[in-house]
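The chain contents come next:
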Amino acid sequence: MSHAILDLVHQAMSSPWLYVALFALALLDGFFPIVPAETSVITAGVFAASGETNLALVMVVAALGAFAGDHISYLIGNKSGGRLRNKKAFVWARDALAERGGLVLVVARYIPGGRTATTLTMGAVRHPLRSFTFFDAIAASSWAVYSGLIGFFGGMAFENDPIKGLLLGLGIALSVTGVVELVRWLRKRRAIQASPERLPADTSV
């Protein structure tokens, strides 16, 4: 069974349509977040370690696809902002945007569901397109390089067993996401504990 899966992955990685598929997946992931864009880029990075794919090209097409997908999401948010305002993800992204500006777009790239919520929100609140484009270029590029290199180093670590290399790459990606989520949760908890509502009332006369 594992050999059949490996053969299938090998065929996909050697296909001339690979880079088109990576671009399309990264694009769709901008507004349809269940698409396995990151997994695909990591997988292509794993096979780049053995020369079956071009790592630089993998990262470039992934970044361009993510960049295009984010702008589509921005336009969707721009057109349907009123219907998003009461959604939990929208409220989180709006508050984060107000606090940290465009940088939240870069950070949200590594938070599950954060990318789409943030791009939609930035469109809905009419965040300046020039600013959005600038920060999104940073976000898309950093994500593509990060995903491609994780796969590449996983492939180098298990040069003769790409499946293990892929599992290592995915494990690292999940660990990074988990750390980001933990830090975010701790910061939120600390902010709640330090809020004025939790301070003891002034009983002095």
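Residues numbered from 1 in each chain as written. Predicted model: local features only at pLDDT ≥ 70, side-chain atom pairs only at ≥ 80, totals over all residues. Heavy atoms only, no water.

### Regarding the packing of helix H2 (residues 18-28) against helix H4 (residues 55-79)
- For the pair H2 and H4, the least separation of the axes is 7 Å and the interaxial angle reads 30 degrees. You can see that H2 and H4 cross each other, and the crossing is right-handed. Only Leu-57, Val-58, Val-61, Ala-62, Leu-64, Gly-65, Ala-66, Ala-68, Gly-69 and Ile-72 of H4 make contact with H2, whose side of the interface consists of Tyr-19, Leu-22, Phe-23, Ala-26 and Leu-27.
- Of the residues that constitute the contact of H2 with H4, the class distribution is 13 nonpolar, two polar and no charged. (Axes fitted to C-alpha atoms, helices over the stretch in contact; angles between N-to-C directions. Helix = DSSP H or I, 4+ residues; strand = E, 2+ residues; numbered from the N terminus. Left-handed = near helix turned anticlockwise from the far one by under 90°. Contact = heavy atoms within 4.5 Å. Nonpolar A, V, L, I, M, F, W, Y, C, P; charged D, E, K, R; others polar.)

### So, the packing of helix H3 (residues 37-48) against helix H9 (residues 129-157)
- Viewed as axis vectors pointing N to C, H3 and H9 meet at an angle of 45 degrees, and their least axial separation amounts to 6 Å. Considered as vectors, H3 and H9 are oriented oblique to each other. Seen along the crossing, H3 lies across H9 with a hand that is right-handed. Where H3 abuts H9, its residues Ala-37, Glu-38, Val-41, Ile-42, Gly-45, Val-46 and Ala-48 lie against Trp-143, Ala-144, Tyr-146, Ser-147, Gly-148, Ile-150, Gly-151, Phe-152 and Gly-155.
- By residue class, the composition of the contact of H3 with H9 is ten nonpolar, five polar and one charged. (Parallel < 35°, antiparallel > 145°, perpendicular 65-115°, else oblique.)

### Comments concerning the pattern of salt bridges
- All chains considered together, the criterion is met by four salt bridges.
- In this structure, Arg-109 engages Asp-70 in a salt bridge whose closest nitrogen and oxygen atoms are separated by 2.3 Å. Separated by 39 residues along the polypeptide, Arg-109 in the loop between helix H7 (103-108) and helix H8 (114-124) and Asp-70 in helix H4 bring together distant segments of the chain. Neither residue differs from the other here; Arg-109 and Asp-70 are each classed as buried.
- Of the charged contacts in the structure, one is a salt bridge between Arg-109 and Asp-136, with a shortest N-O distance of 3.5 Å. Of the two residues, Arg-109 is situated in the loop between H7 and H8 and Asp-136 in helix H9; the sequence distance between them amounts to 27 residues.
- Overall, the relative accessible area of 7% leaves Arg-109 in the buried class.
- Owing to a relative accessible area of 0%, Asp-136 belongs among the buried residues under this scheme.
- Salt bridges sharing partners connect three or more residues here, namely Asp-29, Asp-70, Arg-109, Arg-115 and Asp-136. (Salt bridge = Lys/Arg side-chain N within 4 Å of Asp/Glu carboxyl O. Buried < 20%, exposed > 50% of the residue type's maximum accessible area, 1.4 Å probe, protein only.)

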